[in-house]
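In case you want the letters, here they are:
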Amino acid sequence: MVRELPTVRAVCPHDCPDTCGLVVTVDPASGKAVKLRGDAEHPFTHGFLCQKVANYLDRVYHPGRVLHPMRRVGRKGEGRFERVSWAEAIRTIADRFRDIAGSADGPQAVLPYSYAGTMGKLMYGSLDRRFFHRYGASLLDRTICATAGAAGCDVTLGTRAMIDPEAAVNARYIVNWGSNTAVTNTHFWRIEHEARKRGARIVTIDPYRSPTAAKSDWWIPVRPGTDAALALGVMHVLFREGWLDRDYLDNHCVGVEPLRDRVMSEYSPARVAGITGLSVNEIEQFAREYGWAQNLFGGPALIRLNYGLQRHGGGGIAVRTVVCLPALTGDWRHGGGGALLSTSKAYPFDDTFLTRPDLIPRGTRTINMTSLAEALHGELPGPPVRALFVYNSNPAAVNPDQSRVLSGLRRDDLFTVVHDQFQTDTADYADILLPATTQLEHFDLHGSYGHLYVQSSNAAVAPLGEAKPNTEVFRLLAREMGYEPELFDITDEELARGALSSVREFEGITLEDTRRGPVRLNLPAGWAPFAEGKFPTPSGKCELYSEREARAGRDPLPHYRPPHEDPQTRPDLAADYPLQLLTPPVPAFLNSTFVNVDKQRNSAGGVTLEIHPKDAAARGIADGAAVSVFNARGRFRATASVGGTVKPGVVVSLGIWWNRYTPDGVNGNTTTSTALTDLGGGATFFDNLVQVERV
Ligand SMILES: Nc1nc2c(c(=O)[nH]1)N[C@H]1C(S)=C(S)[C@@H](COP(=O)(O)OP(=O)(O)OC[C@H]3O[C@@H](n4cnc5c(=O)[nH]c(N)nc54)[C@H](O)[C@@H]3O)O[C@H]1N2
Ligand SMILES: Nc1nc2c(c(=O)[nH]1)N[C@H]1C(S)=C(S)[C@@H](COP(=O)(O)OP(=O)(O)OC[C@H]3O[C@@H](n4cnc5c(=O)[nH]c(N)nc54)[C@H](O)[C@@H]3O)O[C@H]1N2
Ligand SMILES: [Mo]
């Protein structure tokens, strides 16, 4: 009887704000996990799991799991391997690392490459960082997802835009801004829904009629990359009509007058309409509803902004600009009002202890992960990249300018190690492929970027085959390299205990508590960090005007910066490639994770291209036709889906497919560029002009 078997509490490790609590049932006779469900007692995720993780056992017990260390026998990219022992694999890597360190190129010719395959504190970044710091490898700037928005928020607020997400039930005007909340943050969508039952209106600003936009009360189809202009137009109306919280502006903000002058002279609704593709009426109505939320809907406005608006050349300034809005209306005063990007900064984990930045040799270079194509082709300053160590990431599928990433990975003189649970597109290029444990096979400690609970994930089953957790791989490598035992002979539990240092938010929270279930940070219910100003900026205020930006030689005020590839400002480029392509994730996948699970891939269907009937007709493309999507960087095939999910001039192809499952072996990232955002050096996946033709 399954009901009587022991259960273990775990946590979903995936890169998603919800960080769900899991309960895993284990059959002691076989040592296998036989059932996995959501933790009904979890105060934020309430036992509901997305379709991907509800089927997590399909991933754990997938026949494609890498179970032993392997060595490449075929050509790079072919994916042919033979089994070797862990001892031999570790020795091979250490020998190569020692060789490189002793050569004229030095240890910086080794590039560690990782992102958020798991969000667990230990497996995301702990002994791996210590190892590469100790070795002296190049540092990696992890920009592929969130740095533009982080930098943008930082200018205005001094930290990420955040509130207590559970308090959002009190919001009465909720704006999903570049956020596919119903798909990418389902438990917060549930809260939005609860607020709607209490009278809230839900609006979604997105060039794509995403599932979230479709379920909202109002879809505002802004032109890609123009969100800052829209926010500035809203400010224009707020100043013009005097729909402002004067007291909040006077006491908690700097730069009100210069901002007013800027928006009154430069961002009239008529000009903003021309930039954003919205009508003057839409802009005026949105400004009125936003500025008058208290009167019209009986509660504060909340902007749930996310990543869509960040992935453009002006993504940093767009976020900086949008997060000025709640200061104008004073919505920060009210629990559940204001703006929410990420709660990650609410967790004061001791990352210095985990990663030991003091070990980094002075003068070590940093490589921006978004520039992997350039790094692999020797186009960055410093020594060539001679060895690449990939874990928690699948750059062959997720990185921009894919053709050049793949040609870089094909280099014969590059030594590539991949540590993963599966033989991904990237693993096909590995010289050494190492088997990784899944979340059910190791212990980890979790914060969240969508709620305020600390959790531990307990190991439910023994590692499958010879799989090892990330921490263990670096313990073995450190031992082989002869590194100091005091840095590496530390258990995962000891690492977790150290990360939970005794700062206020963790006071009284022990590791043992977190192993029994989610523990809320010591923050009051309805936590509203900026209710009384107290912004962690240099001035201590919300910086509408930023002295720091001025000193950095940038415009100190919010402004609109067009995308790199903007049909309005780059008519030369648009003459050949007139359509703005967006490639956000399909609900069945988590970035490129789960693409190899049949149930998920079948539910995703195939590679599609959503296109407006007018753009389709102009190209002789019928619904269901095979099309080719291309620009100067690359070309991929898709099936046309002609309809009203996009405006003319915009096309959408959901991803992120593994290349091997696409019609022609490359995914949408074959067209995306490695150009960076204005602030934060972030990726610009959605800033991408293409042409489409019938095949
Ligand atoms: N199911 C599922 N959930 C996920 C993920 C996943 O892959 N699958 N990924 C996780 C990760 S790593 C992240 S970072 C988050 C991402 O979470 P979100 O930011 O919510 O997700 P995206 O789909 O990347 O982007 C949101 C929307 O922005 C729109 N968009 C594109 N360009 C613009 C623009 O210029 N302006 C505006 N206003 N909107 C624009 C897109 O059309 C898209 O619908 O989700 C996490 N959750
Ligand atoms: N075109 C386009 N490209 C995008 C995006 C987009 O919207 N459009 N989204 C971008 C975003 S938001 C992000 S965050 C990135 C995501 O890019 P990545 O961080 O590379 O994410 P995944 O594709 O999910 O790949 C994670 C890999 O880590 C492995 N893994 C999981 N757990 C572990 C573990 O414990 N140990 C080890 N060693 N490996 C593990 C998984 O099996 C998987 O292969 O992609 C970006 N790329
Ligand atoms: Mo992400």
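None of these values were measured; they are calculated from a predicted model. (Residues numbered from 1 in each chain as written. Chains lettered and ligands numbered in written order. Predicted model: local features only at pLDDT ≥ 70, side-chain atom pairs only at ≥ 80, totals over all residues. Heavy atoms only, no water.)

Draft legend 1. Fine view of the sheet that holds strand S9 (residues 201–205). In space, the 5 strands of this open sheet follow the order S10-S9-S8-S12-S13, with parallel pairing throughout. Strand pairing shows two members of the sheet lacking a second neighbour, strand S10 (218–220) and strand S13 (338–340), which therefore form its edges. On average, each strand axis in the sheet is tilted by 20° relative to the strand beside it, whichever way the strands run. Bridge count for strand S8 (residues 173–177) against S9 is 5 bridges, and the pairing is parallel. The residue of S9 that forms the bridge with Trp177 is Ile205. The strands touched by helix H8 (residues 186–197) are S8, S9, strand S12 (301–305) and S13; relative to S8, the strand with the most contacts, the crossing angle is about 150°. (Pairing = 2+ DSSP bridges. Helix = DSSP H or I, 4+ residues; strand = E, 2+ residues; numbered from the N terminus. Axes fitted to C-alpha atoms, helices over the stretch in contact; angles between N-to-C directions. Contact = heavy atoms within 4.5 Å.)

Draft legend 2. Spatial organisation of the site of ligand 2. Neighbouring residues of ligand 2: 33 residues in total, closest Asp420, Thr583, Ser592, Thr593 and Asn669. One of the side-chain N or O atoms of Asn470 is found 2.8 Å from a nitrogen atom in ligand 2. The backbone of Leu590 places a nitrogen or oxygen atom 3.4 Å from an oxygen atom of ligand 2. Here ligand 2, which alone exposes 930 Å², has 96% of that area covered by the protein. (Near = heavy atom within 4 Å. Polar contact = N/O pair within 3.5 Å; in protein donor to acceptor, adjacent residues only side chain to side chain. Areas by Shrake-Rupley, 256 points an atom, 1.4 Å probe, with all protein chains shown as cover.)

Draft legend 3. Structural view of the UniProt feature "domain: 4Fe-4S Mo/W bis-MGD-type" (unreviewed entry) in the protein chain. The sites that UniProt annotates as "domain: 4Fe-4S Mo/W bis-MGD-type" (unreviewed entry) are residues 5–64. The span residues 5–64 shows a helical share of 15% and a strand share of 32%, and its end C-alpha atoms are spaced 27 Å apart. (UniProt positions renumbered as here; feature names shortened; annotations may be inferred.)

Draft legend 4. Molecular detail of the packing of helix H10 (residues 227–241) against helix H16 (residues 315–322). With their axes 8 Å apart at the nearest point, H10 and H16 run at an angle of 25° to one another. Put simply, H10 runs roughly parallel to H16. Handedness of the crossing formed by H10 with H16: left-handed. For the pair H10 and H16, the contacting residues are Ala228, Ala231, Leu232 and Met235 in the first and Ala318, Thr321 and Val322 in the second. Residue classes in the contact of H10 with H16 are distributed as 6 nonpolar, 1 polar and no charged. (Parallel < 35°, antiparallel > 145°, perpendicular 65-115°, else oblique. Left-handed = near helix turned anticlockwise from the far one by under 90°. Nonpolar A, V, L, I, M, F, W, Y, C, P; charged D, E, K, R; others polar.)

Draft legend 5. Fine view of unusual backbone geometry. For the peptide bond that leads from Gly655 to Ile656, omega is -5°, which places it in the cis range. Along the chain, Ile656 turns up in the loop between strand S26 (650–652) and strand S27 (689–694). The backbone phi angle of Asn392 is positive, close to 55°, even though this residue is not glycine. Inspection of the secondary structure assignment puts Asn392 in the loop between strand S15 (387–391) and helix H20 (395–398). Residue classification places Asn392 among the buried positions, given a relative accessible area of 12%. The phi dihedral of Lys534 falls on the positive side, at around 55°, and the residue is not glycine. Tracing the sequence through the fold places Lys534 in the loop between strand S20 (519–520) and strand S21 (542–543). Here Lys534 falls in the exposed class, since its relative accessible area comes to 62%. (Buried < 20%, exposed > 50% of the residue type's maximum accessible area, 1.4 Å probe, protein only.)

Draft legend 6. How the structure looks around the site of ligand 1. Taken together, 33 residues surround ligand 1, and among them Asp206, Gly225, Asp227, Phe589 and Asn591 come closest. At 3.0 Å from a nitrogen atom of ligand 1 is found a main-chain nitrogen or oxygen belonging to Ile205. Look at ligand 1: alone it shows 910 Å² of surface, and the protein chains cover 98% of it.

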